[in-house]
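Observations on the three-dimensional arrangement
Next come the chains, spelled out residue by residue.
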Amino acid sequence: GARTLLSLCLNLIKLLKGGKFKSIFSVSGLFGENNIKVREDAARLGLFVGSFTGIYTLSQELFRSFSRVPGHYRTMISGFLAGTSLFSYSPFPQTQRNFALYTFARSLQCLYNYYKCRGYLSFMNFFDHWDSLLFIISSARVMYSYVMARDTLPKSYVNFITRTGPIHKDIIHATAALNRGKKMDTDAVIRYLTNMKKKHAHVSVPTATELSSLSMIGCDILHPAHKSCSRNAFSVAWNVIRQIFPLYASLTLIPMFLFRFPRFLKSPGGSLFHALKSTLRSTAFLTAFTTVYQIVVCFHRKTIPVDHRFLFFFAGLVSSSSIFIEKGSRRSELALYVMPRALDSWYTSITGKWWYPFGPIPCGEVLLFSFAMSMIMFCYEHHSESVAPFMNSALNWIIHRTQIVQGILVNMENLQHKVSQSIPPTSNPPSEKE
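About the criteria used
- Residues numbered from 1 in each chain as written.
- Predicted model: local features only at pLDDT ≥ 70, side-chain atom pairs only at ≥ 80, totals over all residues.
- Heavy atoms only, no water.
- Salt bridge = Lys/Arg side-chain N within 4 Å of Asp/Glu carboxyl O.
- Helix = DSSP H or I, 4+ residues; strand = E, 2+ residues; numbered from the N terminus.
- Buried < 20%, exposed > 50% of the residue type's maximum accessible area, 1.4 Å probe, protein only.
- Disulfide = S-S within 2.5 Å.
- Contact = heavy atoms within 4.5 Å.
- Core = buried A, V, L, I, M, F, W, Y, C linked by side-chain atoms within 4.5 Å.
- Axes fitted to C-alpha atoms, helices over the stretch in contact; angles between N-to-C directions.
- Parallel < 35°, antiparallel > 145°, perpendicular 65-115°, else oblique.
- Nonpolar A, V, L, I, M, F, W, Y, C, P; charged D, E, K, R; others polar.
- Phe/Tyr/Trp six-rings, centres within 6.5 Å; stacked < 30°, edge-to-face > 60°.
- Patch = residues over 30% accessible without salt bridge, like charges linked within 9 Å, V, L, I, M, F, W, Y side chains within 5 Å.
- Areas by Shrake-Rupley, 256 points an atom, 1.4 Å probe, with all protein chains shown as cover.
- Lys, Arg positive; Asp, Glu negative; His and termini not counted.
- Charge placed at Lys NZ, Arg CZ, Asp CG, Glu CD.

1. Some remarks on the pattern of salt bridges
Applying the stated criterion across every chain, the model contains seven salt bridges. Note that E61 is salt-bridged to R64, the shortest N-O span being 3.0 Å. With E61 and R64 both in helix α4 (residues 39-66) and three residues apart, the pair spans about one turn of that helix. Judged by relative accessible area, R64 falls into the partly exposed class, the value being 43%. The partner of E333 in a salt bridge is R106, and the shortest N-O contact between them spans 2.5 Å. Taken together, the residues E333 in helix α17 (residues 328-350) and R106 in helix α6 (residues 93-117) connect sequence positions 227 residues apart. On the accessibility criterion, E333 (33% relative accessible area) is partly exposed. Taking relative accessible area as the criterion, R106 reaches 4% and is therefore assigned buried. Put simply, R97, D344 and E365 are held in one network by salt bridges that share partners.

2. Some thoughts on unusual backbone geometry
Despite not being glycine, C363 has its phi angle at roughly 55°, a positive value. Of note, C363 is situated in the loop between α17 and α18 (364-382).

3. Some details on the state of the cysteines
Summed over all chains, the structure comprises zero disulfides. Considering cysteine sulfurs only, C229 is the nearest to C219, which forms no disulfide, with 3.7 Å between them. Taking relative accessible area as the criterion, C219 reaches 9% and is therefore assigned buried. Free cysteine C298: the closest other cysteine sulfur is in C229, separated by 3.9 Å. Take C298: its relative accessible area is 5%, and that puts it in the buried class.

4. Side note on helix α9 (residues 169-179)
Burial within α9 is extensive, with eight of its 11 residues counted as buried. Buried within α9 are the following residues: D170, I171, I172, A174, T175, A176, A177 and N179. For α9, the elements touching its buried residues are α7 (130-148), α10 (186-199), α12 (219-222), α15 (268-303) and α16 (310-319). Positive backbone phi, at 75°, marks G181, one or two positions downstream of α9.

5. Digging into the nonpolar core
By size, the foremost hydrophobic cluster in this structure holds 47 residues, and its most contacted members are F135, Y146, I171 and V189. A per-element tally of this core places α7 first, with eight residues. Residue contacts for F135: discarding those within four places in its chain leaves F285, F289, S320, I323, L334, A335 and V338.

6. What about the packing of helix α8 (residues 155-164) against helix α13 (residues 229-259)?
Where α8 meets α13, the axes come as close as 9 Å, and the angle between the chain directions of the two elements is 130°. As summarised for this structure, α8 and α13 are arranged oblique, according to the angle between their axes. Contact with α8, carried on its side by F160, R163 and T164, involves V240, Q243, I244 and L247 of α13 and no other residues of that element. Residues that form the contact of α8 with α13 fall into these classes: four nonpolar, two polar and one charged.

7. A few points about the packing of aromatic side chains
Taken as a whole and assessed by the stated rule, the structure comprises 14 aromatic pairs. When the ring of F127 is compared with that of W130, the centres are 5.2 Å apart and the planes differ by 80°; the resulting orientation is edge-to-face. For F127, a relative accessible area of 31% translates into the label partly exposed. The partly exposed category is assigned to W130, whose relative accessible area is 29%. Here the aromatic residues F48, Y89, F99 and F369 are joined through ring pairs into a cluster of three or more.

8. Re the side chain of H226
Tracing the sequence through the fold places H226 in the loop between α12 and α13. The exposure class of H226 is buried, given its relative accessible area of 18%.

9. A look at the environment of F87
By the secondary structure assignment, F87 is in the loop between α5 (71-82) and α6. Of the residues examined, F87 reaches a relative accessible area of 40% and is grouped as partly exposed. Sequence separation of F87 and V366 is 279 residues, and the distance between their C-alpha atoms is 7.1 Å. If we skip the residues at most four places from it in the chain, F87 touches Q96, C363 and V366.

10. Things to note about a positive patch on the surface
Together, R180, K182, R309 and K353 make up a positively charged patch on the protein surface. For R180, the location among the structural elements is in the loop between α9 and α10.

What follows is the structure, given as structure tokens:
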């Protein structure tokens, strides 16, 4: 239900931005399967959660009944076997990859908390912002890949950055080609600049020969709509605010009404104030991230006449420092979201290199997910303080709900047995002779 409502709100925002006001009053336009696809996803999610719970519970009971494997090893093996439930998403390898990367990041978080609680990481206490540093490095890698290795990022990830960012994809391809010493697609660049000239008369369109002689894409091609880099920065900031504020508002308000509605009824003004504050804070973070990245690239163009691929990594380092705008609890969540994408991009980029002899691992996503769930279930069952509250609540709902139902059934059987024992047997009816 929550996912359907969120999809409905995002579709409504898309229709309003596109000016399709008639579709808002159309059932097919607002609720069509082309816009809100939830039925197949819901079925696969149910199969995935059900098989995970069943395999984990069955493995635990079998180990407990027929072997003397210690409890922590039993939990880890059961968690690993339950991870094979990810095969329910076999037709969707990208979904498998997303699950595997997310749980892997969560398993690293659990292990970090586990060792930190036991004092093994006391040497790291001199610095309080490891989560922010992880986000900064991971984001720098992602932004480097966005320019230089776009095929190593998920298509949805690239599309989101492209829609939010100010640079056209054809210009990014041309920049990457020049940095790799390859020939750029001059026809695509000329086509883009020609279209921009129709909207802005001051745009100059170079010839294919002039483009081929360039050693670096300048600001006149990066942002042809604005001659001034400072004016372009203000335009970038405004465009990000206009796109991101409605998205963050829906992501903040919908959970408040769905999961914290009693709290909202107690204090509607305070709840709306905190929701607006959180939305503005997150919007400011992403706006600063995008704008500062563009400013760093423009500053390099104005000061250094030579381009280098490391620039895009450095620009990512500087712009991702805007993470400090977000509140502390959100920083670790954002770091855990970006870090697996950065690792996946790095791993994909080295696959096929002459110095990396290994190819893609068969069923690697399922193996990674199983390993991650093995670590998570170990921490959950034996050291729950090392598991994040959200993950703890989710596992309580998935795993222990089954155990609660089993306990209720066992108690009902015991009660029925006691009641049957307390009722005296009925006496035999007297015979006809008596």
